[in-house]
Amino acid sequence: MSPREITSEKLLQMYGRMFRIRQVEERLATVQAAGELPGPVHLYIGEEAIAVGVCAHLSDQDWICSTHRGHGHFLAKSDEIQKMVAEVYGRATGVCGGKGGSMHVADVSKGILGANGIVGGGIALAAGAALSAQTRGTRNVAVVFFGDGAANQGVLFEALNIAALWRLPLILVCENNGYSEFSPTASVTSGEIWNRATPFGVPGRPVDGNDVREVWAAAGEAIERARSGGGATLLEMRTYRLRGHVEAEKSFLSRSYRSDAEVEQRREREPLRLAMAALQGAGVTADAIAKVEEKERAAVRAAFEYAAESPWPAPGAAFEHMFA
Amino acid sequence: MSPREITSEKLLQMYGRMFRIRQVEERLATVQAAGELPGPVHLYIGEEAIAVGVCAHLSDQDWICSTHRGHGHFLAKSDEIQKMVAEVYGRATGVCGGKGGSMHVADVSKGILGANGIVGGGIALAAGAALSAQTRGTRNVAVVFFGDGAANQGVLFEALNIAALWRLPLILVCENNGYSEFSPTASVTSGEIWNRATPFGVPGRPVDGNDVREVWAAAGEAIERARSGGGATLLEMRTYRLRGHVEAEKSFLSRSYRSDAEVEQRREREPLRLAMAALQGAGVTADAIAKVEEKERAAVRAAFEYAAESPWPAPGAAFEHMFA
Amino acid sequence: MAKKRMVQAINEAITEEMERDGSIIVLGEDVHISPVGDTRGLIERFGAARVRNTPISESVMSGMAVGAAATGSRVICHLFYGNFIYTGFDAIANQAAKLRYMLGGQVKLPILYMAMIGGGRSVAAQHSDSMHPMLMNLGGIKIVMPASPGDAKGLVKAALRDDNPVFLLQAAGRGGELGEVPDGDYTIPLGKAEEKRVGDDVTVVAIGSMVKPALKACDELAARGISVSLIDPRTVVPMDYDAILASVARTGRLVVVDEARKSCSAASEIAATVAERGFHLLKAPIGRVAVEDVAMPYSPVLEKAVIPDAARIVDAVLKIAVSRGVAQ
Amino acid sequence: MAKKRMVQAINEAITEEMERDGSIIVLGEDVHISPVGDTRGLIERFGAARVRNTPISESVMSGMAVGAAATGSRVICHLFYGNFIYTGFDAIANQAAKLRYMLGGQVKLPILYMAMIGGGRSVAAQHSDSMHPMLMNLGGIKIVMPASPGDAKGLVKAALRDDNPVFLLQAAGRGGELGEVPDGDYTIPLGKAEEKRVGDDVTVVAIGSMVKPALKACDELAARGISVSLIDPRTVVPMDYDAILASVARTGRLVVVDEARKSCSAASEIAATVAERGFHLLKAPIGRVAVEDVAMPYSPVLEKAVIPDAARIVDAVLKIAVSRGVAQ
Ligand SMILES: Cc1ncc(C[n+]2csc(CCOP(=O)(O)OP(=O)(O)O)c2C)c(N)n1
Ligand SMILES: Cc1ncc(C[n+]2csc(CCOP(=O)(O)OP(=O)(O)O)c2C)c(N)n1
Ligand SMILES: [Mg+2]
Ligand SMILES: [Mg+2]
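Below is a short write-up of the structure. Quantities reported herein were computed from a predicted structural model and do not represent experimental measurements. (Residues numbered from 1 in each chain as written. Chains lettered and ligands numbered in written order. Predicted model: local features only at pLDDT ≥ 70, side-chain atom pairs only at ≥ 80, totals over all residues. Heavy atoms only, no water.)

Focus: the overall build of chain C
Then, number 1: When helices and strands are counted, chain C shows 12 helices and 14 strands.
Then, number 2: Scaling as 2.2 N^0.38, a compact globule of 328 residues should have a C-alpha radius of gyration of about 20 Å, and chain C matches this with 20 Å.
Then, number 3: Taking the principal axes of its C-alpha atoms as reference, chain C extends roughly 65 × 40 × 40 Å.
Then, number 4: Out of the 328 residues belonging to chain C, those deemed buried represent 75%.
Then, number 5: For chain C, contacts bridging at least 24 residues in sequence account for 81% of all contacts bridging at least 6. (Helix = DSSP H or I, 4+ residues; strand = E, 2+ residues; numbered from the N terminus. Rg over C-alpha atoms; globule rule 2.2 N^0.38 Å. Buried < 20%, exposed > 50% of the residue type's maximum accessible area, 1.4 Å probe, protein only. Contact = heavy atoms within 4.5 Å.)

Here's what the structure looks like:
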């Protein structure tokens, strides 16, 4: 697949979804700072192109597994903005009834098996979902998103080996955002991440993770290969985390681990900006874009109102759902 | 290093050690069949060149970590034949006082941190020993032996990554003996094992693990690099397991997993035979070889007598040694 | 009804359920050749798509079980020896035990994890743990520990119809013993204890591998005039406290026998629950017979010193029965 | 003596011990920048050779600690949240807890594993377990669970002079509270409980994070005329049963409070031991206040329903005190 195959409608649609994610995340940053959220949030700002470009190829019967930084993946695949935000607010109306929170947002009806608080925790789950899809003879695939830091967890290699042996319909999407928590990727990661698939005979490649067209094209190719029995792919999406590892990190860190200048410099190629330029290049009018943005803004505003006004769970709910 | 650098004295010495291991293992097979051993044994027959060729370069201050198939590694690095055999007999005079048995034979005074019942379990331990040696500013190294099956455990990759980042004096010796328990290696292992080091920037190479000269040369080079701060190496030693995964396996397996013909064919290049030919080629006399063999035979015979006559541990010993 | 070994009973249960339910798949190292015997014949019968010989990769395997179970398969994940559970423990403790809860009930996780536990065969510390206590502490996992081939069949079949992660912990040393196994569709509800011996003087609760020495102890105690109510919980999650408390209500005395290390064992849990809910029934201290807090040694002499046997059970019963004056 | 937070006390203890003992090295993710604060400043003071920022690779990290400790280093292995212990659990359960034993005493394993446990901050199920019970069940690991900054300093310094694997489990929610911390060389022997309140009516044993609500419960109970002997074991391996039994000998009544899930918890272990060794001292059922067998939920409302608090402790005490007629 080539980025040039994207229609301007598709591009606008993807832009809208990225814009939605950005809106949600920025608002979450605001309400977090205002003390309105019960728990910590890890925001996806700057990485939106990856979730959106990948999920554009997936149906509700395809599965994704996500990370502690999972809002973007959720919103790229499920329309339930309200339920997701309510979950982060810890409310009864949340998609997990308030039991999961930010690190566990999931919409199983839409093929989202959950964010995951364990770094690398989603990899094996997705391999299992791929196995299940394969065994049941479907053409469905499983996608796992994980960070550059997670690429140092041994389970990735176990999954690569098994995926290669069994030709599992699994797409491993590494979001290399330059940092593993507070450590620069290179300080804890030897070699190139995409290349870690090579010895297993699994194709691996680096992708410009900030350009949704590049993401879309690379993911489309990998997903198509997986659907047609061609097995797994490892995509290393190169991106940048524009906010902290976790909101409010400055309140507990004793020193900084990156310069403001670095962040500013990386902002130049942030995904919304790149997508906007692409839309303009494709001749989409400022009006059409503004209309989409306004619609998204309104939906997100409504979701936050809904969440903030939602009731807390009944205490007794804490004792439900351990067993089916 | 080149195999040609080996003197005939060295070769004879290594042959003697391989012969010793073979003697011990063959006797263990016999006494196991006779019901004289309390637990199962995994024999090293056919793989002797690896332990001996590697350990020839190590001092008592260098560490090795071994596997469930650990007798050969022990005997290649420690002279305590009696204590090892007594351990396998479960006696008080055993090197672990009868607490460890076949899967845990260890002689810490000789730099042997133990066999390991967990497949892949030694890898992290050896990385730790390498870290310790490095931090304390020594020139010592750590070597871990592990099987082709163990090469599918994620911890190997975590170790490769860390070893590369920190330039640890670690030598990873994979003993690819063609089988992971009862599964042919290729059925559970994608790609080439030596190549799994490549993405991390760690040199990896396949070695003829049946030719002690090749093993000696490859290990010597890797160990020398590690000692001088050059970091880790992965050596894939290609060999063949001439006996079963575990003694007496035919009593519980319902069908065979390899043909007798295959085993016979692989016997042609078994390490003692190759070493013998090399000795002859180097002009070592049959007499000199026979003298070494006789000495080893006697020592091994004595060790088994010692073990069989040794007392059982006192029952109360079971409650010692949990804490220092 | 025919006499079979426990592994045969398990094998029969799995085979029947795989026949019934096409969504069942099997993952595990060497499950195609099945050194243990419990998955023997499955690949020939159900094919390599449903029966997957897995690399030695417990982390991914245990987690794949979760992912596959959450997405439409029913998974048997064979982990061989119980100690290898630790290698894949994240998937069990952080995922299998919690995913349904974290997701507010959005998924079912029909998984049967299988492993062999306990000592007695000189396989030493890394192959002999009895780790049901830590699995019990996770909260989200059911645990079946059959003590006979018949129970094994009934419990495995029930587990394979349960929509939760279930561990089948099979006593490693007991594969060879024969027992009656009902033919066909025989299930035992999870959470239902069996009173193996009916008696009035002392209640003995024995778990899994400990049922056998406990039965022997009952005979020896009977010879001394002490009648034992022997309870085999069969599943430790859910635990049948009704049965245990009903027995203690009769006897007023309790000894719990467990092959786990004592600290935080199932024996401790049962003792604590009875000391809480059945205190007023008790006439004597609650005895625990378990492995002291050591790893399993290799030498048979040492293993024998560590693993509870009939003699230790008899002693523990006598100790609390003496205070009643039943024994001398 | 100055008031400090628990993380500062731990930091001080580590710094002093690293100064004293050049063989101590530190492994852990982001230990150089130390989001928790307990390893702050170490890399600047002791250099990058001794303080190693580790990739997210808990399996190898936990095992390297064992290998390095067995070969001449003393290792601090920082695992961040307790739930990440599971990811590296093989090295802990099969290696650290057993290596010395399997080798017949040939090695010492001076390791301090550090992790934060427990709930109360809405970090949900995968960041809130209290897993000391399963570590207790392993048998080969000591466990310190300080409830105050002063104890943290004394216990960490003692742990860093112990030749065995020790877990320091720090209550995640308690890093911010101030407490008196003795200056300089202050150690608390592992295995020595502290009686925080002296009383005669009921013994309450509270573990780690539960000491604080238990103290509050003591005040409320005092107002109702019930005097509590509050025992903080401080280390759960070794457990100071002498202190617990001595207190129960006075009071005849016991409530155990633990933030672990109840099944096979430390609370169960203490209850079982007292029901075994101190039965004749008891005048009432043993109460346990613990987390019911669920994972930790996210929403604060739900967390509050799950985590034991002073009110639940008061209730449990009243329940067994009523039978004595002390309370109405
Ligand atoms: C097993 C495990 N170890 C450590 C952590 C703590 N932790 C949470 S996020 C994180 C960094 C993850 O880095 P990366 O994978 O690059 O993802 P990013 O945060 O950059 O998206 C760490 C160390 C964890 N949650 N799980
Ligand atoms: C973690 C773990 N999983 C499974 C086993 C069971 N097991 C013991 S040896 C073995 C095969 C090992 O194969 P390989 O690493 O190639 O070593 P080899 O036996 O061929 O020397 C297996 C699966 C184990 N001991 N540990
Ligand atoms: Mg990252
Ligand atoms: Mg092999």
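Following the structure, the description resumes.
Considerations on the pattern of salt bridges
Then, number 1: This model, assessed by the stated rule, comprises 90 salt bridges over all chains.
Then, number 2: A salt bridge links Glu44(C) to Arg255(B); the nearest nitrogen and oxygen atoms lie 3.5 Å apart. Of this pair, Glu44(C) sits in helix 2 (residues 42-46) while Arg255(B) is found in the loop between strand 7 (233-238) and helix 9 (260-267), placing the two residues in two different chains.
Then, number 3: With a closest N to O distance of 2.7 Å, Glu17(D) and Arg20(D) form a salt bridge. Of this pair, Glu17(D) and Arg20(D) both sit in helix 1 (residues 6-20), three residues apart, roughly one helical turn.
Then, number 4: Taking relative accessible area as the criterion, Glu17(D) reaches 0% and is therefore assigned buried.
Then, number 5: On the accessibility criterion, Arg20(D) (52% relative accessible area) is exposed.
Then, number 6: One salt-bridge network, in which partners are shared between bridges, spans Lys4(C), Glu12(C), Glu16(C), Glu17(C), Arg20(C), Lys153(C), Lys157(C), Arg161(C), Asp183(C) and Asp185(C). (Salt bridge = Lys/Arg side-chain N within 4 Å of Asp/Glu carboxyl O.)

A closer look at unusual backbone geometry
Then, number 1: Look at the link from Val237(C) to Pro238(C): it is a cis peptide, with omega at -5 degrees.
Then, number 2: Locating Pro238(C) in the fold gives a position in the loop between strand 12 (235-237) and helix 9 (241-251).
Then, number 3: Backbone geometry at His321(B) places phi at a positive 80 degrees, although glycine is not the residue there.
Then, number 4: The residue His321(B) is located in the segment after helix 11 (286-309) in this model.

Concerning the sheet that holds strand 1 (residues 63-65) of chain A
Residues and elements named next belong to chain A.
Then, number 1: The strand order 1-2-3-7-6 describes an open sheet built from five strands, whose pairing is parallel. For this open sheet the edge positions go to strand 1 and strand 6 (204-208), each flanked by a neighbour on one side alone. Averaged over all adjacent pairs, the angle separating strand axes in this sheet is 20 degrees, with direction ignored.
Then, number 2: Along the sheet face, helix 8 (residues 212-227) touches strand 3 (170-176), strand 6 and strand 7 (233-238) and points at about 150 degrees away from the line of strand 6. (Pairing = 2+ DSSP bridges. Axes fitted to C-alpha atoms, helices over the stretch in contact; angles between N-to-C directions.)

Quick look at helix 8 of chain A
Residues and elements named next belong to chain A.
Then, number 1: Over its 16 residues, helix 8 extends 21 Å from the first C-alpha to the last, a length consistent with the 22 Å expected when each residue adds 1.5 Å.
Then, number 2: Of the positions making up helix 8, those classed as buried are Val212, Val215, Trp216, Ala217, Ala218, Ala219, Gly220, Ala222, Ile223, Ala226 and Arg227.
Then, number 3: Lining the buried residues of helix 8 we find helix 1 (8-33), helix 2 (48-55), strand 3, strand 6, strand 7 and helix 10 (271-281).
Then, number 4: The opening residue of helix 8 is aspartate 211, an N-cap whose side-chain oxygen sits 2.9 Å from the backbone nitrogen of arginine 213.
Then, number 5: Just past helix 8, the residue glycine 229 takes up positive phi, approximately 85 degrees. (Expected span 1.5 Å × (residues − 1). Polar contact = N/O pair within 3.5 Å; in protein donor to acceptor, adjacent residues only side chain to side chain.)

Focus on the nonpolar core
For soluble globular proteins, nonpolar side chains are generally found buried alongside one another.
Then, number 1: Leu170(A), Leu170(B), Phe89(C) and Phe89(D) are the most contacted members of the largest nonpolar core, which totals 271 residues.
Then, number 2: Contacts of Leu170(B), omitting those with residues within four sequence positions, involve Ala126(B), Ala127(B), Ala130(B), Ala142(B), Val144(B), Ala163(B), Ala226(B), Gly231(B), Ala232(B) and Thr233(B). (Core = buried A, V, L, I, M, F, W, Y, C linked by side-chain atoms within 4.5 Å.)

Focus on the site of ligand 2
Then, number 1: Taken together, 22 residues are adjacent to ligand 2, and His68(B), Arg69(B), Gly149(B), Asn177(B) and Glu58(C) come closest.
Then, number 2: Nearby residues place ligand 2 at the junction of chains B and C.
Then, number 3: Take Gly117(B): an N or O atom from its main chain is 2.8 Å from a nitrogen atom of ligand 2.
Then, number 4: Between ligand 2 and the protein, one listed contact pairs a nitrogen atom with a side-chain N or O atom of Glu181(B) at 3.4 Å.
Then, number 5: Compared with its free state, where it exposes 580 Å², ligand 2 has 97% of that area covered by protein.
Then, number 6: Residue composition of the shell around ligand 2, by class: seven nonpolar, 10 polar and five charged. (Near = heavy atom within 4 Å. Areas by Shrake-Rupley, 256 points an atom, 1.4 Å probe, with all protein chains shown as cover. Nonpolar A, V, L, I, M, F, W, Y, C, P; charged D, E, K, R; others polar.)

Here we look at the environment of Gly105(D)
Then, number 1: Checked against the element boundaries, Gly105(D) lands in the loop between helix 5 (99-102) and strand 5 (111-117).
Then, number 2: Discounting residues that sit within four places of it in the chain, Gly105(D) has contacts with His321(B) and Arg100(D).

Observations concerning the coordination of the magnesium ion (ligand 3)
Residue and element names in this part refer to chain A.
Then, number 1: Every protein donor of the magnesium ion (ligand 3) is accounted for by Asp148 (OD), Asn177 (OD1) and Tyr179 (O), and the metal-donor separations fall at 2.0 to 2.1 Å.
Then, number 2: Read in sequence order, the donor residues for the magnesium ion (ligand 3) give the motif D-x28-N-x1-Y. Comparing asparagine 177 with tyrosine 179 shows no difference in burial state: the two are buried. (Donors = N, O, S within 2.8 Å, 3.2 Å for Na, K, Ca; no water.)

Examining the site of ligand 1
Then, number 1: Near ligand 1 you find 22 residues, and of these His68(A), Arg69(A), Gly117(A), Asn177(A) and Glu58(D) are the closest.
Then, number 2: Flanking ligand 1 are residues from chains A and D.
Then, number 3: Contacts to ligand 1 include Asn177(A), whose side-chain N or O atom sits 2.7 Å from an oxygen atom.
Then, number 4: In the complex, the protein chains occlude 97% of the 580 Å² of accessible area that ligand 1 would expose alone.
Then, number 5: Residue composition of the shell around ligand 1, grouped by class: seven nonpolar, 10 polar and five charged.

Regarding the interface of chain C and chain D
Then, number 1: Counting from both sides, the interface comprises 48 residues of chain C and, opposite them, 48 residues of chain D.
Then, number 2: Interface of chain C and chain D: buried area, both sides summed, is about 4,200 Å²; carbon and sulfur atoms make up 57% of it.
Then, number 3: Where chain C meets chain D, there are six salt bridges.
Then, number 4: Its salt-bridge partner being Lys98(D), residue Asp129(C) comes within 2.7 Å of it at the nearest N-O pair.
Then, number 5: Our count for the contact surface shared by chain C and chain D stands at 30 residue pairs in polar contact (both at pLDDT 80 or more).
Then, number 6: Those elements that place two or more of their residues in the side of chain C that touches chain D are helix 4 (89-96), helix 5 (99-102), helix 6 (132-138), helix 10 (266-277) and strand 14 (287-291) of chain C.
Then, number 7: Here the side of chain C that touches chain D takes eight residues from helix 10 of chain C, the largest share from any one element. (Buried area = accessible area lost by both parts, 1.4 Å probe.)

Coordinates in, geometry out; function isn't part of it.
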